[in-house]
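# Structural description and commentary
Below are the chains, spelled out letter by letter.
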Amino acid sequence: MNVKEQSTGERSGVSPPVDGTANSFGATGGLTPPRSPGSSIKRWFAERLPITGVQLEELTNEPVPAHLRHWWFCLGGTPAYLFVVQIVTGILLAFYYQPSPQTAYQSIDTITNQVAFGWYIRGMHKWAATLMIAAIILHQMRVYFTGAYRQPREINWMVGMCLLLCTLIVGFTGYSLVFEQLSFWGATVAANICDTVPYFGVFAKRMLLAGDSYNDNTLSRFFILHAAVLPGLMILLIGIHVAILRLQGVSELRFENEPADAPKHFDFFPDHFYTELIIGLTLMILLSVLATVLPVTLGPKADPLTTPEVIKPEWWFYVSFRWLKLFSGTFAVLSSGFIVFVMFVWPFIDGWIRKRTRFSEASVWIGIVGVFLLVGLTVWEAIVEH
Ligand code: HEM
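Reading guide: rules and limits
- Numbering of residues starts from 1 in each chain and follows the order in which that chain's sequence is written.
- Given that this is a predicted model, residues contribute local features only at a pLDDT of at least 70 and side-chain atom pairs are listed and counted only at 80 or more, while totals for whole chains, interfaces and linings are drawn from all residues.
- Only DSSP runs of H or I reaching four residues or more are called helices, and only runs of E reaching two or more are called strands; each is numbered from the N terminus.
- Using C-alpha atoms as the atom set, the radius of gyration is obtained and then compared with a globule rule of 2.2 Å times the number of residues to the power 0.38.
- Note that contacts rest on C-beta atoms placed from the backbone: two residues are in contact if these are within 7 Å.
- Each residue receives a C-beta atom placed from its backbone. It is near a molecule or strand if this atom lies within 6 Å of it.
- When residues are sorted by character, Ala, Val, Leu, Ile, Met, Phe, Trp, Tyr, Cys and Pro go into the nonpolar class, Asp, Glu, Lys and Arg into the charged class, and all the rest, Gly among them, into the polar class.
- To sort residues by exposure, count the other C-beta atoms lying within 10 Å of each residue's C-beta; 20 or more gives buried, 12 or fewer gives exposed, and values between give partly exposed, all with C-beta atoms placed from the backbone.
- Of all possible arcs, the one meant is that of the directions from the helix axis to the C-beta atoms.
- In this analysis, axes come from line fits to C-alpha atoms, helices being fitted only over the stretch in contact, and the angle between any two N-to-C directions falls in the range 0 to 180 degrees.
- Oblique is the label for any angle not under 35 degrees, not over 145, and not in the 65 to 115 range, which are roughly parallel, roughly antiparallel and roughly perpendicular in turn.
- Connectivity within a nonpolar core runs through C-beta atoms within 7 Å, and the core itself is a set of buried Ala, Val, Leu, Ile, Met, Phe, Trp, Tyr and Cys residues.
- Multiplying one less than the number of residues by 1.5 Å gives the expected span of a helix.
- A score from 0 to 100, pLDDT tells how confident the predictor is in each residue.
- Crossing handedness is read from the near helix: turned anticlockwise from the far helix by less than a right angle, it gives a left-handed crossing, and turned clockwise, a right-handed one.

## Some words on the overall build of the chain
Check the secondary structure of the chain and you find 15 helices and two strands. In summary, the chain has a C-alpha radius of gyration of 26 Å against a globular reference of 21 Å for 386 residues, an excess of more than 25%. Along the first, second and third principal axes, the C-alpha atoms of the chain reach 85 × 60 × 40 Å. Excluding contacts between residues fewer than 6 apart, the proportion of contacts in the chain whose partners are at least 24 apart in sequence is 77%.

Below you can see the structure in the form of structure tokens.
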């Protein structure tokens, strides 16, 4: 499609004049048969949005590689879908939530026990967060083990890493908003962890708590981060992630037992659209069942003077929490930072290993060790009290 084609009436869906006396949109007085209201609306839009059905199809209907028929390979759509659920349910919760130490706990109690369907919206929000983190981890594993981060997709891997970190911080700030004992002490522990980082630590702690210790402004800071800054940043990052995907296309995978004449692609619309629709509907049912069968509870209210015997973060931080318990303060924090840095630049490290050494598939073994550590440390933290 070139600019010239786009600017002509025919391409833009506007009929040419039927005789010499017609105006530029073909209005010819008595000669033109009466139009149906549908065609007038179509025409109204065509005059203002000069794009035809064919052009729209060209824009949206990209051929999708055949392996994306399987859910495991198109897992990226699942966190995107759950993110939308988070935004919608989060906006509904924000109508009632009051971010201050004096009111936060009571407002969550009101949402859970008094507001119509408040328990359901809160349950959906909490469960969608849990599933979103699980889906991102699985999506990242799929990308990693299929080598889909390799050249030319290094930048998209790093954009994905930013999305992972944002999602984890959104989870952390959301957990802190409830102002129950564990959320208060969890935030305090996180701030103390920041404090152990040389040079930058004191500043990071102050930024997090809006002061040297938990105070009246801390919760509103968490709320602004949780409900505005981070979701806004994530919308931008998801936009960049998908734009890069559209520019590069999803990586093409070949399987050993694949028949040579098997179709290599299928249409985005309607085939892939239906797959995503079914995944979306299944997720809605799953979220509703989880919110009803395993409703979100409310623990005891935060008491800054009584430290709970056991302080645990949400399950997605178990791995780092166990790591921090295994090693001493500063080393544990710096080594965690180093691991995240290595994950960020992994496509380049892997590129170097493949070019300069004989261990071209080292990434598989490193990945397997990584998954064992992730699962092992998470389960360890889950089953022990301290
Ligand atoms: C909110 C979080 C995320 C969303 C919504 C998302 C969305 C998507 C979607 C829809 C795809 C298309 C293929 C597929 O479905 O697998 C994709 C591909 C990709 N994602 Fe993500 N993603 C997210 C997080 C991540 C993370 C954490 C990483 C890795 C650190 C990552 C790296 C990639 C890469 C490299 C591709 C290209 C894969 C290929 O071409 O086969 N993404 N993402």
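Okay, back to it.
## Some details on the site of the ligand
The full set close to the ligand counts 26 residues, and Gly 76, Ala 80, Ala 148, Gly 160 and Ser 251 are the nearest of them. Secondary structure elements with two or more residues in the shell around the ligand: helix H4 (77–94), helix H6 (118–145), helix H7 (154–177) and helix H10 (218–248). Top element by residues in the shell around the ligand is H7. It accounts for seven residues. Among the residues forming the shell around the ligand, the class breakdown is 16 nonpolar, nine polar and one charged.

## A few points about the environment of Glu 62
Examined against the element boundaries, Glu 62 turns out to sit in the loop between helix H3 (53–60) and strand E1 (63–65). Sequence separation between Glu 62 and Asp 267 is 205 residues; the distance between their C-alpha atoms is 6.6 Å. In this structure Glu 62 touches Arg 246 and Phe 268, once residues within four positions along its chain are discounted.

## A word on helix H9 (residues 201–209)
Side chains that are three or four residues apart share a direction in an α-helix, a result of its 3.6 residues per turn. Of all the residues in H9, the buried ones are Lys 205, Leu 208 and Leu 209. Summarising the axial view, the buried residues of H9 lie within an arc of 80°, below the 170-degree limit, and thus occupy one face. Lining the buried residues of H9 we find helix H8 (181–195) and H10. Downstream of H9 by one or two residues, Ala 210 has phi in the positive range, about 60°.

## Section: the packing of helix H12 (residues 318–326) against helix H15 (residues 362–383)
Relative orientation of the contacting elements H12 and H15 amounts to 80°, with a least axis distance of 8 Å. Our classification of the angle between H12 and H15 gives roughly perpendicular. Across from Tyr 318, Val 319, Phe 321, Arg 322 and Trp 323 in H12, the residues of H15 making contact are Leu 374, Leu 377, Thr 378, Trp 380, Glu 381 and Ala 382. When the residues that make up the contact of H12 with H15 are grouped by side-chain class, the tally is eight nonpolar, one polar and two charged.

## Things to note about the nonpolar core
Counting 49 residues, the largest nonpolar core has Leu 82, Met 124, Ala 128, Met 132, Leu 177, Phe 179 and Leu 287 as the members making the most contacts within it. For this core, the secondary-structure elements that each account for two or more residues are H4, helix H5 (104–113), H6, H7, H8, H9, H10 and helix H11 (268–293). Considering every element that reaches this core, the biggest residue donor is H6, with nine residues. Not counting the four nearest positions on each side in its chain, Met 124 is found in contact with Val 85, Thr 89, Leu 287 and Ala 291.

## Quick word on H4
The first and last C-alpha atoms of H4 sit 26 Å apart over 18 residues, in line with the 26 Å expected at 1.5 Å per residue. Listed in full, the buried residues belonging to H4 are Thr 78, Pro 79, Leu 82, Phe 83, Val 85, Gln 86, Thr 89, Gly 90 and Leu 93. Along the axis of H4, the buried positions cluster into a sector of 165°, meaning they face one direction only. Those residues of H4 that are exposed and aimed more than 90 degrees away from the buried face are Val 84 and Ile 91.

## Quick look at the confidence of the model for the chain
Residues with a pLDDT of 70 or more make up 91% of the chain, whose mean pLDDT is 90. Every residue in residues 1–29 scores below 50 in pLDDT, and together they form 33 contacts with partners more than four places removed in sequence or on other chains.

## Re the packing of H4 against H10
Direction vectors running N to C along H4 and H10 enclose 155°, while the axes themselves pass 12 Å from each other. It follows from the interaxial angle that H4 and H10 lie roughly antiparallel. Note on packing geometry: the crossing formed by H4 with H10 is left-handed. Residues Ala 80, Phe 83, Ile 87, Gly 90 and Ala 94 of H4 form the contact with H10, whose participating residues are Ala 227, Pro 231, Met 234 and Ile 238. Looking at the contact of H4 with H10, its residues break down into eight nonpolar, one polar and no charged.

## Here's the deal with unusual backbone geometry
Most peptide bonds take the trans form, and the phi angle of most residues other than glycine is negative. For the bond from Gln 151 to Pro 152, the omega torsion is 10°, close enough to zero to count as cis. Within the secondary structure, Pro 152 sits in the loop between H6 and H7. Here the amide bond leading from Phe 269 into Pro 270 is cis, since omega sits at 5°, within 30 degrees of zero. Counting through the fold element by element, Pro 270 comes out in helix H11. Although it is not a glycine, Phe 117 sits at a positive phi angle of roughly 60°. With respect to the helices and strands, Phe 117 occurs in the loop between H5 and H6.

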